[in-house]
Amino acid sequence: NIAKAQKAGYQQMLAGIVNHLLGLAYSLDKHSGFEDLKVANHINKAKIIFNESFRTRLRPEDVAEQLNMSYSWFRRLFKEYTGFAPAKYLQEMRIQYGKELLTNSNLHIKEIAFESGFENPEYFCTAFKNKTGYTPVQYRDFTQGRQTISKFEK
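This one's a predicted model, so the numbers in the text were calculated from it and none came from an experiment.

## Focus on the pattern of salt bridges
So, step 1. Enumeration according to the criterion identifies six salt bridges in this entry.
So, step 2. With a shortest N-O distance of 3.1 Å, R59 and D62 are connected by a salt bridge.
So, step 3. Exposure remark for D62: the relative accessible area of 23% places this residue in the partly exposed category.
So, step 4. Taken together, the salt bridges that share partners define one network made up of R59, E61 and D62.

Here you go:
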């Protein structure tokens, strides 16, 4: 219908639709291999464990052990299924939680690092800057309205 009508912007809309369909086809193809191996349940359990425990000293090796899998096998399957290595997935969760705390609290950066599951505040600051391009203090100042966007840009 969009192609027939040829209204303004129809080519962009068609490109978006095709892109969406390709993404769905890729996802179905990627996950169909996991149905046979019955690993989807293991990966979903792992995600739940990560979600419930990312603020603790949880290690990806601990999750593999809870699932009765070798770490190398777990890591390979998890990365194939999610696109992230388990350690990277865990770090992403911790950074996202740190962002929430920086935006919605007045906790000290050191407290936020520990609350987010990082054992070392310096590592939190380094990982945060590598991920976002900004220090935790810069991020907080911007999200809490203490810095204008022009000052926050690189």
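Okay, back to it.
## Here we look at a nonpolar patch on the surface
So, step 1. Taken together, I17, L21 and L24 make up a surface patch of nonpolar side chains, about 260 Å² in accessible area.
So, step 2. With respect to the helices, strands and loops of the structure, L24 is situated in helix α2 (residues 10–37).

## Describing the side chain of R94
So, step 1. Along the chain, the position of R94 falls in helix α6 (residues 86–104).
So, step 2. E119 provides the closest opposite charge to the buried, unpaired R94, separated from it by 6.6 Å.
So, step 3. A polar atom in the side chain of R94 sits 2.8 Å from the backbone oxygen of F54.
So, step 4. Setting aside anything within four residues of it in sequence, one finds R94 in contact with F54, T56, R57, L58, S116, G117 and F118.

## Examining the nonpolar core
So, step 1. By size, the foremost hydrophobic cluster in this structure holds 31 residues, and its most contacted members are F50, V63, L67, F74, F78, L102 and F124.
So, step 2. Residue assignment for this core shows that the elements contributing at least two residues are α3 (40–53), α4 (60–66), α5 (71–82), α6, α7 (109–115) and α8 (121–132).
So, step 3. Sort the elements by how many residues they give to this core and α6 lands first, with seven residues.
So, step 4. Beyond its immediate sequence surroundings of up to four residues, F74 is in contact with A46, F50, P60, V63, A64, L67, M69 and P86.

## What about α3?
So, step 1. In a regular helix each residue adds 1.5 Å, so 14 residues correspond to 20 Å; α3 covers 20 Å between its end C-alpha atoms and thus fits that length.
So, step 2. Here α3 has its buried residues at A40, I43, A46, I49 and F50.

## Observations regarding the environment of Y139
So, step 1. Note on placement: Y139 falls in helix α9 (residues 136–143).
So, step 2. Y139 sits 10 residues away from K129 along the chain, and the two C-alpha atoms are 9.3 Å apart.

What counts and how
- Residues numbered from 1 in each chain as written.
- Predicted model: local features only at pLDDT ≥ 70, side-chain atom pairs only at ≥ 80, totals over all residues.
- Heavy atoms only, no water.
- Salt bridge = Lys/Arg side-chain N within 4 Å of Asp/Glu carboxyl O.
- Buried < 20%, exposed > 50% of the residue type's maximum accessible area, 1.4 Å probe, protein only.
- Patch = residues over 30% accessible without salt bridge, like charges linked within 9 Å, V, L, I, M, F, W, Y side chains within 5 Å.
- Areas by Shrake-Rupley, 256 points an atom, 1.4 Å probe, with all protein chains shown as cover.
- Helix = DSSP H or I, 4+ residues; strand = E, 2+ residues; numbered from the N terminus.
- Lys, Arg positive; Asp, Glu negative; His and termini not counted.
- Polar contact = N/O pair within 3.5 Å; in protein donor to acceptor, adjacent residues only side chain to side chain.
- Contact = heavy atoms within 4.5 Å.
- Core = buried A, V, L, I, M, F, W, Y, C linked by side-chain atoms within 4.5 Å.
- Expected span 1.5 Å × (residues − 1).

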